[in-house]
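Structure at a glance
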Amino acid sequence: MDISVVNALTYEEFVNLFGNVVEKCPIISAAIWSHRPFKDLADIEAHIMGFIHSLPDSGKEGILRCHPDLAGRDLQSGTLTRESQEEQSQAGMTTLDSAEIQHMYRLNSKYKERFGFPFVICARLNNKADIVRQLNERLKNDRAAERERAIEEVKNICSLRLNNIVLSDIQTKL
Ligand SMILES: NC(=O)N[C@H]1NC(=O)NC1=O
């Protein structure tokens, strides 16, 4: 997708296209729309991350809380967003057996109890074993370090979602 096409989108079109690059946080695309014209995709990403970094800790934690648990209730009940469904599926979260689902549930609960927000990791860059290992590892962090670590993962998820939007646009034109 040519950046001039993105820059010509109306506010509604822009939020429709980019509204879920950060899970269930369309307010972020709504906010950065006012920074048009964008130079390129990296510029859009930089504005998104600038917005997130400008938030107080409570705002960053709010963003984390918009993320569904990995292998959690939304996945079991089929209520994940399309993006999250694809990502969790790529990381093998949709084919866990019941013991593995229970294990993830226990780890996710322990994490939420400790930090007050859900465990977030870029599922497309990690497989099942990585996710369990990192969940256990990151439980050892203090809250401030872990908040920043989780926001880094939001950045990775966002970056891949942005690339996907551009790729799928190229594919529909081929
Ligand atoms: N909790 C969590 O990490 N959720 C997610 N990760 C990801 O890549 N997509 C998600 O929805």
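It should be emphasised that the depicted structure is a prediction, and the values quoted were computed from it without experimental measurement.

All right, on to the overall build of the chain then. Along the chain, the regular secondary structure elements total 10 helices and zero strands. Listed by position from the N terminus, the elements making up the chain come as α-α-α-α-α-α-α-α-α-α. In terms of overall dimensions, the chain has C-alpha extents of about 50 × 40 × 25 Å along its principal axes. Looking at the chain residue by residue over its 174 residues, the buried ones come to 44%. Accessible area of the chain: about 9,000 Å², with a carbon and sulfur share of 53%. With 22 positive and 25 negative side-chain charges, the chain shows a spacing of 5 Å between the two charge centroids.

Contacts to the ligand come from Pro68, Leu70, Ser84, Glu87, Phe119, Val120, Ile121, Cys122, Ala123 and Ile157. Contact between the ligand and serine 84: an oxygen atom at 2.6 Å from a side-chain N or O atom of the residue. Compared with its free state, where it exposes 290 Å², the ligand has 100% of that area covered by protein. Here the ligand occupies the largest cavity. Of the residues in the shell around the ligand, the class split is eight nonpolar, one polar and one charged.

Moving on: the UniProt feature "domain: Oxo-4-hydroxy-4-carboxy-5-ureidoimidazoline decarboxylase" (unreviewed entry) in the chain. In the numbering used here, UniProt assigns the feature "domain: Oxo-4-hydroxy-4-carboxy-5-ureidoimidazoline decarboxylase" (unreviewed entry) to residues 7-163. Overall, residues 7-163 shows 66% helix and 0% strand. The separation of its end C-alpha atoms is 16 Å.

Tracing the backbone shows glycine 62 in helix 5 (residues 57-65). Overall, glycine 62 belongs to the partly exposed group, its relative accessible area being 25%. Distance from glycine 62 to phenylalanine 117, taken between C-alpha atoms, is 8.0 Å for residues 55 residues apart in sequence.

Our focus in this paragraph is the packing of aromatic side chains. Inspection of every chain in the model, using the stated rule, returns seven aromatic pairs. Taken together, a centroid distance of 4.9 Å and an interplanar angle of 40 degrees make the contact between phenylalanine 14 and phenylalanine 18 tilted. Of this pair, phenylalanine 14 and phenylalanine 18 are both found in helix 2 (residues 11-18), four residues apart, which corresponds to roughly one turn of the helix. Residue phenylalanine 14 is classed as buried on the basis of its relative accessible area of 0%. Judged by its relative accessible area of 2%, phenylalanine 18 falls in the buried class. Where tyrosine 111 meets phenylalanine 115, the ring centres are 4.7 Å apart and the plane angle is 55 degrees; that geometry is what we call tilted. Of the two residues, tyrosine 111 and phenylalanine 115 are both situated in helix 8 (residues 98-115); the distance of four residues between them amounts to about one turn of the helix. By relative accessible area, phenylalanine 115 is classed as buried at 1%.

Moving on: the pattern of salt bridges. All told, the structure shown has 15 salt bridges when counted by the stated rule. Glutamate 61 is the partner of arginine 143 in a salt bridge, and the nearest nitrogen-oxygen pair spans 2.6 Å. Taken together, the positions of arginine 143 in helix 10 (residues 143-173) and glutamate 61 in helix 5 put the pair 82 residues apart, joining distant regions of the chain. On the basis of relative accessible area, arginine 143 is assigned to the partly exposed category, the value being 37%. Measuring nitrogen to oxygen at the nearest pair gives 2.8 Å for the salt bridge that ties glutamate 87 to arginine 161. In this pair, glutamate 87 is assigned in helix 7 (residues 82-90) and arginine 161 in helix 10, connecting sequence segments 74 residues apart. Accessibility classification places glutamate 87 together with arginine 161 in one group, the buried group. In the salt-bridge network here, residues are joined through shared partners; they are Asp57, Glu61, Arg65, Arg143 and Arg147.

Reading the values: the criteria
- Residues numbered from 1 in each chain as written.
- Predicted model: local features only at pLDDT ≥ 70, side-chain atom pairs only at ≥ 80, totals over all residues.
- Heavy atoms only, no water.
- Helix = DSSP H or I, 4+ residues; strand = E, 2+ residues; numbered from the N terminus.
- Buried < 20%, exposed > 50% of the residue type's maximum accessible area, 1.4 Å probe, protein only.
- Areas by Shrake-Rupley, 256 points an atom, 1.4 Å probe, with all protein chains shown as cover.
- Lys, Arg positive; Asp, Glu negative; His and termini not counted.
- Charge placed at Lys NZ, Arg CZ, Asp CG, Glu CD.
- Near = heavy atom within 4 Å.
- Polar contact = N/O pair within 3.5 Å; in protein donor to acceptor, adjacent residues only side chain to side chain.
- 1 Å grid on protein atoms, 1.4 Å probe; cavity = no way out; pocket = protein on both sides within 12 Å on 5 of 7 lines; lining within 4 Å.
- Sits in = over half its atoms within 2 Å of the grid points.
- Nonpolar A, V, L, I, M, F, W, Y, C, P; charged D, E, K, R; others polar.
- UniProt positions renumbered as here; feature names shortened; annotations may be inferred.
- Phe/Tyr/Trp six-rings, centres within 6.5 Å; stacked < 30°, edge-to-face > 60°.
- Salt bridge = Lys/Arg side-chain N within 4 Å of Asp/Glu carboxyl O.

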